[in-house]
Amino acid sequence: MILNQDHDGNSTLALDGADLVGTSKTNGSRYGSAGTVSTEAYTASSSSSSSQESSSSPSNANSYQHLSLDLATFDNSDSSEDSRLLPGQHSRDSSYSYSDISSDGGGGGFYDRLARHHRNHRSHGACYFIGNSVFTRQNFKVAVSFALWFISYMIMGVFGGSVAYLHFERSDRNVPDPLPDYGYDIIPYYCPVIPHVPHGNVQSIVLFILYALILSGAILRWKPQYHPKSGIVIWGGDGRLILQHLCHLNCLVFLTRTSTVGLTGLPQPNPKCVEQQHFPVTFENALKFVMGRGFPPHACGDLVYSGHVGCTLICMAVLHRHGYLKTWLVASLVWAIATIGIYFTISCRSHYSVDVMLAFYFGYFLPEWYFNRCDGRVRGRVSKLIRRLEVRPSDLALAEYEDIKENGVEAVDSPQYPSTISV
């Protein structure tokens, strides 16, 4: 190997047929340590043709320049570990980290710092996810809506179902003594018992199916998809709003039913409650019977109006509102399921026909009253309270894209309706 240098100072390495003879010296023998590696100046001659070429050449020896490589010196006093240079024999001892590369004098080697970086990154990522995806203002509003739903349900159980159970007419007969009812004249008694289901009736299964359908859609539409330029929500993002609408409308059903179910005691028509009509009870006994048998509460004699039918119609209103039933096939199927639940409410003698009819009225007018206020068609304190509590997709867009207001882009799903009504 010959190092040639031209007039411009460029160096070129070349191989010739000469035997290369050189000496190398290494100061510091441990792997990962470095001293000075140098190649001495030497003279190479041909073995067979050197005598012939000596006559035509003033000198048959080529002087090679001195080549040296200075490496960063590591503090190493052990010179007996030459075996660490061999492949597969470099092992880690207690005084070094994963590698001596980039040792920073007590801070660990490169791989130690890389491992610490990954651990800190994972910890920071978990904290960021919890702080920005779990404990958020929008999720807090959903939690408040769920708390209102639970409180309203408990109020209905204590002041509605318990009072109705205390107040309904007692009888010594071994069969129910219902009031005359046209629905009972048309629909015969049939109430199959479904095992492993709360209350074990068909209308409870139907209500569970509708709740599950709404919940699944809310989960799928929980995360919004934004327009890449304007930041407007183009799909999804209303999963929180779906759950809030369901909770708020159920709150209205629970509270209105609490105001009616215990006012007038009617003879209970349900054959499953015959044993409960034989003896009078106190309010404490009624409270234990209704609220002390687990969740959800269950009573006898809580008739006006039907909570199962009211909640079923509320579910249908939420499904229509948020586009679950856009196709006629899906709408027909879901309405058929809801109709089955309403039918068995009378077939099981859980309610009178008047209870079901009143549930239709409440199931229609309560969503109408609520949606007019949450959409801003009706102004007033109640409307402001509802709109502040709800989480709309436009709120998510404005929170994540701060330049929407600066660019003058109006977010979707924020209708403003001129109205002079104030409630």
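Source: prediction; values computed, not measured.

Colleague: So what about the overall build of the chain? Which residues, and what values?
Modeller: Scanning the chain for helices and strands turns up 13 helices and 9 strands. For the chain, the residues scored as buried account for 38% of the 423 residues in total. For the chain, the accessible surface area stands at approximately 25,600 Å², while carbon and sulfur atoms represent 60% of it.

Colleague: Give a detailed account of the pattern of salt bridges, specifying residues and quantitative values.
Modeller: For the coordinates displayed, the defined rule picks out 7 salt bridges. Of the charged contacts, one joins Asp 302 and Arg 257 as a salt bridge, the two residues approaching to 3.5 Å between their closest N and O atoms. Taken together, the positions of Asp 302 in the loop between α7 (283-291) and α8 (307-321) and Arg 257 in helix α6 (residues 239-261) put the pair 45 residues apart, joining distant regions of the chain. Taken as a pair, Asp 302 and Arg 257 share a single burial class, namely buried. One connected set of salt bridges, linked through shared partners, spans Arg 321, Asp 375 and Arg 377.

Colleague: Please give an account of the packing of aromatic side chains that cites residues and values.
Modeller: For the structure on display, the rule yields 12 aromatic pairs. Ring geometry for Trp 149 and Tyr 153: centres 5.6 Å apart, planes at 25°, overall stacked. Remark: Tyr 153 and Trp 149 occur in helix α3 (residues 137-167); sequence separation between them is 4 residues, near one turn of the helix. By relative accessible area, Trp 149 is classed as buried at 16%. Of the residues examined, Tyr 153 reaches a relative accessible area of 14% and is grouped as buried. Chaining the aromatic ring pairs together yields one cluster made of Phe 146, Trp 149, Tyr 153 and Phe 254. Here the basic side chain of Arg 170 rests over the ring of Tyr 165, its NZ or CZ set 5.1 Å away from the ring centre. Just above the ring of Tyr 184 sits the side chain of Arg 349; from NZ or CZ to the centre is 4.2 Å.

Colleague: Can you tell me about a nonpolar patch on the surface, naming the residues and giving the values?
Modeller: Together, Phe 146, Phe 150, Ile 151, Ile 155, Phe 159, Leu 255 and Phe 295 give the surface a local cluster of nonpolar side chains, amounting to about 690 Å² of exposed area. Ranked by the residues each element gives to the nonpolar patch, the list is headed by α3, at 5 residues. Exposure remark for Ile 155: the relative accessible area of 31% places this residue in the partly exposed category.

Colleague: Outline helix α9 (residues 328-347), listing residues and values.
Modeller: If you check α9, its first and last C-alpha atoms are 28 Å apart, about what 20 residues at 1.5 Å a residue would give, namely 28 Å. Taken together, the buried positions of α9 are Ala 331, Val 334, Ala 338, Gly 341, Ile 342, Phe 344, Thr 345, Ile 346 and Ser 347. One or two steps after α9, the chain reaches Arg 349, where phi turns positive at roughly 60°.

Colleague: Describe the packing of helix α5 (residues 202-220) against α6, with residues and values.
Modeller: The N-to-C vectors of α5 and α6 enclose an angle of 150°; their axes lie 8 Å apart at closest approach. Judged on the interaxial angle alone, α6 and α5 are roughly antiparallel. Two secondary-structure elements touch here, α5 through Tyr 211, Ile 214, Leu 215 and Ala 218 and α6 through Gly 239, Ile 242, Leu 243, Leu 246 and Asn 250. Per-class residue counts for the contact of α5 with α6 are 7 nonpolar, 2 polar and no charged.

Colleague: Outline the confidence of the model for the chain, listing residues and values.
Modeller: This prediction gives the chain a mean pLDDT of 74; 62% of its residues lie at or above 70. Per-residue pLDDT stays below 50 along residues 15-106; that stretch engages in 104 contacts with residues further than four places along the chain or on separate chains. Predicted confidence for residues 398-423 stays below pLDDT 50, and this span has 44 contacts to residues more than four positions away or in other chains.

Colleague: Kindly report on the packing of α8 against α9, identifying the contributing residues and their values.
Modeller: It is the contact of α8 with α9, at a shortest axis distance of 10 Å, that shows an interaxial angle of 170°. Between α8 and α9, the crossing angle belongs to the class labelled roughly antiparallel. Residues His 308, Val 309, Thr 312, Leu 313, Met 316, Leu 319 and His 320 of α8 touch α9, and the partners they reach there are Val 334, Trp 335, Ala 338, Ile 342 and Thr 345. By residue class, the composition of the contact of α8 with α9 is 8 nonpolar, 4 polar and no charged.

Colleague: Residues and numbers for the state of the cysteines, please.
Modeller: Considering all chains together, one arrives at 2 disulfides under this definition. One disulfide bridge connects Cys 273 with Cys 300, the sulfur atoms lying 2.0 Å from each other. Torsion about the S-S bond of the Cys 273 and Cys 300 cystine: about -75°, corresponding to left-handed handedness. Separated by 27 residues along the polypeptide, Cys 273 in the loop between α6 and α7 and Cys 300 in the loop between α7 and α8 bring together distant segments of the chain.

Colleague: Which residues make up unusual backbone geometry, and what values go with them?
Modeller: For the peptide bond that leads from Val 304 to Tyr 305, omega is -5°, which places it in the cis range. The residue Tyr 305 is located in the loop between α7 and α8 in this model. In the Ramachandran plot, Arg 349 falls in the positive-phi region, its phi being about 60° despite a non-glycine side chain. Examined against the element boundaries, Arg 349 turns out to sit in the loop between α9 and α10 (353-374).

Conventions used here
The numbering scheme is per chain: residues are counted from 1 as the chain's sequence reads. Confidence filtering applies because this is a predicted model: local features only for residues at pLDDT of at least 70, side-chain atom pairs given and counted only at 80 or more, and all residues used for totals across whole chains, interfaces and linings. As a rule here, side-chain values cover all heavy atoms of the structure and leave hydrogens and water aside. The numbering of helices and of strands both runs from the N terminus, where a helix is a DSSP run of H or I of at least 4 residues and a strand a run of E of at least 2. Under the scheme applied here, a residue whose accessible area is under 20% of the maximum for its type counts as buried, over 50% as exposed, and between as partly exposed, the area being computed with a 1.4 Å probe on protein chains only. Working definition of accessibility: Shrake-Rupley area with a 1.4 Å probe, residue cover restricted to the visible protein chains. Each reported salt bridge corresponds to a side-chain nitrogen of Lys or Arg within 4 Å of a carboxyl oxygen of Asp or Glu. Think of it this way: a Phe, Tyr or Trp ring, Trp meaning its six-membered ring, pairs with another when their centres are within 6.5 Å, and the plane angle makes it stacked under 30 degrees, edge-to-face over 60, tilted otherwise. Here, a charge over a ring means that NZ of Lys or CZ of Arg falls within 6 Å of the ring centre while also lying within 35 degrees of the ring normal. Patch rule: a residue counts if its relative accessible area is over 30% and it has no salt bridge; like charges are joined within 9 Å, and nonpolar side chains (Val, Leu, Ile, Met, Phe, Trp, Tyr) within 5 Å. A helix is expected to span 1.5 Å multiplied by its residue count minus one. An axis is simply a line fitted to the C-alpha atoms; with a helix, the fit covers only the stretch in contact. Between two such axes, the angle follows the N-to-C directions and lies from 0 to 180 degrees. Roughly parallel means an angle under 35 degrees; roughly antiparallel, over 145; roughly perpendicular, 65 to 115; everything else is oblique. The contact criterion used is simple: two residues touch if any of their non-hydrogen atoms lie within 4.5 Å. All amino acids are sorted into three groups, where Ala, Val, Leu, Ile, Met, Phe, Trp, Tyr, Cys and Pro are nonpolar, Asp, Glu, Lys and Arg are charged, and the leftover types, Gly among them, are polar. pLDDT runs from 0 to 100 and stands for how confident the predictor is about each residue. In this description, a disulfide is simply a cysteine sulfur pair whose atoms lie within 2.5 Å.

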